[in-house]
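Residue strings, one per chain:
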Amino acid sequence: MRHTEFWSRMEAALGPGYAGVWASQYVLAALDGHTAQEALAAGYAPKEVWAAVWEALQLPPSQR
């Protein structure tokens, strides 16, 4: 997964106006206490970050 696909999925799940805000403020335990943006900046794979976001938001399996 590329960063562009990650952000596309974030916008689809949360809306374009809220995806960036959520990604910069919501701390994910599955990412060692990083936000999604911090994790991506630290070098986490977008696929790994998406998996943590997917779990935190309790999205349907079709969005995995």
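Notes on the structure in this doc start here. Since we're looking at a predicted model, the values are computed, not measured.

**Notes on unusual backbone geometry**
- Even without glycine at this site, Asp32 takes up a positive phi of about 60°.
- Topologically, Asp32 is positioned in the loop between β1 (27-28) and β2 (34-35).
- Of the residues examined, Asp32 reaches a relative accessible area of 63% and is grouped as exposed.
- Non-glycine residue Gln58 carries a positive phi angle of around 50°.
- Structurally, Gln58 can be placed in the segment after α4 (46-57).
- Gln58 gets classed as exposed once you look at its relative accessible area, which sits at 70%.

**Some remarks on the environment of Gln37**
- Within the secondary structure layout, Gln37 lies in helix α3 (residues 36-41).
- The class for Gln37 is partly exposed, based on a relative accessible area of 35%.
- Counting along the chain gives 16 residues from Gln37 to Val21, while the straight-line C-alpha distance between them is 9.6 Å.
- Excluding anything up to four places from it in sequence, Gln37 contacts Trp7, Gly20, Ala23 and Ser24.

**Considering the side chain of Thr35**
- Looking at the secondary structure, you find Thr35 in strand β2.
- Of the polar contacts made by the side chain of Thr35, one reaches the backbone oxygen of Ala23; its length is 3.4 Å.

What counts and how
Here the residue numbers are simple positions, counted from 1 along each chain's written sequence. For a predicted model such as this one, the threshold for reporting local features is a pLDDT of at least 70, and the threshold for listing and counting side-chain atom pairs is 80 or more; totals across whole chains, interfaces and linings nevertheless cover every residue. Only hydrogens and water are set aside when side-chain values are computed; all heavy atoms of the structure are taken into account. Helix numbering and strand numbering both begin at the N terminus, where a helix is a DSSP run of H or I of at least 4 residues and a strand a DSSP run of E of at least 2. A 1.4 Å probe rolled over the protein chains alone gives each residue an accessible area, and that area as a share of the maximum for its type sets the label: buried under 20%, exposed over 50%, partly exposed in between. It only takes one pair of heavy atoms within 4.5 Å for two residues to be counted as in contact. Any pair of N or O atoms that falls within 3.5 Å is considered a polar contact. Within protein, one atom must be able to donate a hydrogen and the other to accept it, and sequence-neighbouring residues count only if both atoms are side-chain atoms.

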